[in-house]
Amino acid sequence: MEKAFKDFFISYAKSVNVEQGRTGALFQYKFKRKEVEEPDYYSSLIGYIHFNPVRAKLCEEVSHWQFSSYNAFLSDKPTLVSRSEVLEWFGGPGGFLAFHRSNIEFATKQDWEID
């Protein structure tokens, strides 16, 4: 039964792609990639990621969003994030916290976006 559903969905996707002149999965997301070359851009990306849930009004503070890496950077619990690399980037946990505190406007700026 599983193979039948798989075959059906593959067939459906191929049909829609031919009809609409497109390729790939029907529900793929388009996104841009940009190499991080500038130090300020690296910091901005980290802030952008952490402040997105606040900006979207899903929580009031970055530390309240349970799916964020923010708390993982400040925890001693095992994690897959590059904790030491990021904390070292900001000069330690204090610098990491200071960056987020001093950039809270990221959460409220309406036209803020990463290039």
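Below is a summary of the structure that appears in this document. Predicted model only: the values in this text are computed from it and were never measured. (Residues numbered from 1 in each chain as written. Predicted model: local features only at pLDDT ≥ 70, side-chain atom pairs only at ≥ 80, totals over all residues. Heavy atoms only, no water.)

Here we take up helix α2 (residues 39–55). Over its 17 residues, α2 runs 23 Å from end to end, which matches the ideal 24 Å to within 8%, given 1.5 Å per residue. Along α2, the sharpest kink reaches roughly 30 degrees, centred on I49 and followed within four residues by the proline P53. The complete set of buried residues in α2 reads Y41, S43, I46, G47, H50, F51, P53 and V54. Looking at the packing, one finds that the buried side of α2 touches α3 (70–74), α4 (83–89) and α5 (93–102). Just downstream of α2, K57 is the residue with a positive phi angle, here 65 degrees. (Helix = DSSP H or I, 4+ residues; strand = E, 2+ residues; numbered from the N terminus. Expected span 1.5 Å × (residues − 1). Bend = angle between axes of the 7 residues up to and from the residue. Buried < 20%, exposed > 50% of the residue type's maximum accessible area, 1.4 Å probe, protein only. Contact = heavy atoms within 4.5 Å.)

Next up on the list: the packing of aromatic side chains. Under the definition given, this model contains 8 aromatic pairs. With a centroid separation of 6.4 Å and an interplanar angle of 20 degrees, the aromatic rings of F8 and Y12 are classed as stacked. A residue pair is termed a helical-turn pair when its members lie 3 or 4 positions apart in one helix, as F8 and Y12 do in helix α1 (residues 2–20) at 4 residues. Take Y12: its relative accessible area is 45%, and that puts it in the partly exposed class. (Phe/Tyr/Trp six-rings, centres within 6.5 Å; stacked < 30°, edge-to-face > 60°.)

With that settled, the discussion passes to the side chain of N17. Relative to the helices and strands, N17 is located in helix α1. Judged by its relative accessible area of 10%, N17 is buried. Apart from the residues within four sequence positions on either side, N17 is in contact with R22, T23, G24 and L26.

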